[in-house]
Amino acid sequence: MALSDLIALDREAQGWAIVESAFATEVKPASANQFFVAGEVSPKQSLGFIEDMQRRNTYSQASRFAGRYEPGAAQIPIYIKPAALGVAPEGNEFLQGLFGRETIAGGASVTYALQRTIDSMFSYTVWIKTGHFVYRLLGSIVDKGTFPLKADNSNDALSQGKFDLIFAEMRWTGTDEANTTIGGTPQAAVIVFDAKKFTIGSYVEVGAQNNAGAGYQVTAVNYSTSTLTLSPTIANVAVGHVVKPWIPTAIAEVGVSIHGRLGSATIGGVNMPIVGGEIMLENNFKMLNEEKNGLNFANRAVRKSVRKVSVKAEVYFDANQAKFFYNALNQVRGDFFFPWGTTAAARFKLTAKNVEFDAPDVAGSEEKILTLNGQAFASTSLDDELVGLLD
């Protein structure tokens, strides 16, 4: 098959995420780090440019100066799929990264609590395969997470999270063909037709060879000679052998997403038959890419300000809901609780604490919908304005 016939398809997506031991230092994921994306994923990172301010007695622009790379961004949607009591769900790296703390009680529950000032920030290496291409996102941190609250027949009715990542560096592994012949004596250098399809740290397969399932690591790329340096060395390569991304062996899907109709939402302990809404946690992280350190990419990150937990709830404007006009004017607080599921080992719960709602909006050309927008606040214990629980 010609390379031009390898058109990437959205349905060919796979993902892996693994905690980094040092920020933005790539870690090779394993099968156990697999997750399934539940929507389109399109990471992007741009090179910053500086306008050439020199006057040349012309209205034309002749050049611009390359700066350093801006932090990258990607939104990754996944289903939250409880599997068993005391077992972290598939894609738990995103919940851990969003909240900051993950506590597993074997055989009982998995709790997600907010990061304290004494806790370390997690960063991840995230791989996203899209057809013939693998995005590799180094120094990924979960800046924002949104949990839709629906109970209808839309996709948002399933237990899920939409996680907004910012990352320090994007690398990639594409697909090409060998442009060299290697006999029975192994060697490290493999010439391809276009080495720009690869970056250092890639893992590849060459023809039918995959290094006993571990892939060959690209330890150097010479773009001038279109040469990849592989580790370990490789033999028996012919011109035209496909050089493609190595990915971890796929494993069976774990857990099932839960429909939002199951379980009762409450505000201040009172049942609230909501028809829509969301809970959003914004961490307000910042990549530091402004220091004079000789680097093209950010090499650390901080939390630039306080986090924010927002709540939106939509209900039919029946005669029980007029109280929210009073509550808004008087800063009446209450915990907002939304569960997916009612059965042990098949439920996911979010609790936003001490929510204050703003003045309601009422709209709708048929049934009137009352919309509440509010913010959660910590108790005197602090760092508890949002809690996630699988039990």
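Read on for an overview of the structure. Remember, it's a predicted structure, so these values are computed and weren't measured experimentally.

## Some remarks on helix α1 (residues 92-99)
Counting buried residues in α1 gives eight out of eight residues, a clear majority hidden from the surface. Just downstream of α1, Gly100 is the residue with a positive phi angle, here 115°.

## Side note on the environment of Pro186
Along the chain, Pro186 turns up in the loop between β12 (176-177) and β13 (187-191). Taking relative accessible area as the criterion, Pro186 reaches 47% and is therefore assigned partly exposed. Considered as a pair, Pro186 and Pro232 are 46 residues apart in the sequence and their alpha carbons are 8.9 Å apart. Leaving out residues up to four positions away in the same chain, Pro186 has contacts with Thr233, Ile234 and Ala235.

## Brief notes about the pattern of salt bridges
For side chains of opposite charge, pairing can occur when their charged atoms come near one another. This model, assessed by the stated rule, comprises 20 salt bridges. Residues Glu26 and Arg136 are paired through a salt bridge, measuring 2.8 Å at the closest nitrogen-oxygen approach. Placement of Glu26 in the loop between β1 (13-19) and β2 (34-35) and of Arg136 in strand β9 (residues 133-148) is noted, with a sequence separation of 110 residues between them. With respect to class, Glu26 is no different from Arg136; both count as buried. Measuring nitrogen to oxygen at the nearest pair gives 2.6 Å for the salt bridge that ties Lys81 to Glu90. Per residue, the accessibility class of Lys81 equals that of Glu90, and both read buried. Residues joined in a network through salt bridges with shared partners are Glu26, Arg136, Glu169 and Arg171.

How each quantity is defined
- Residues numbered from 1 in each chain as written.
- Predicted model: local features only at pLDDT ≥ 70, side-chain atom pairs only at ≥ 80, totals over all residues.
- Heavy atoms only, no water.
- Buried < 20%, exposed > 50% of the residue type's maximum accessible area, 1.4 Å probe, protein only.
- Helix = DSSP H or I, 4+ residues; strand = E, 2+ residues; numbered from the N terminus.
- Contact = heavy atoms within 4.5 Å.
- Salt bridge = Lys/Arg side-chain N within 4 Å of Asp/Glu carboxyl O.

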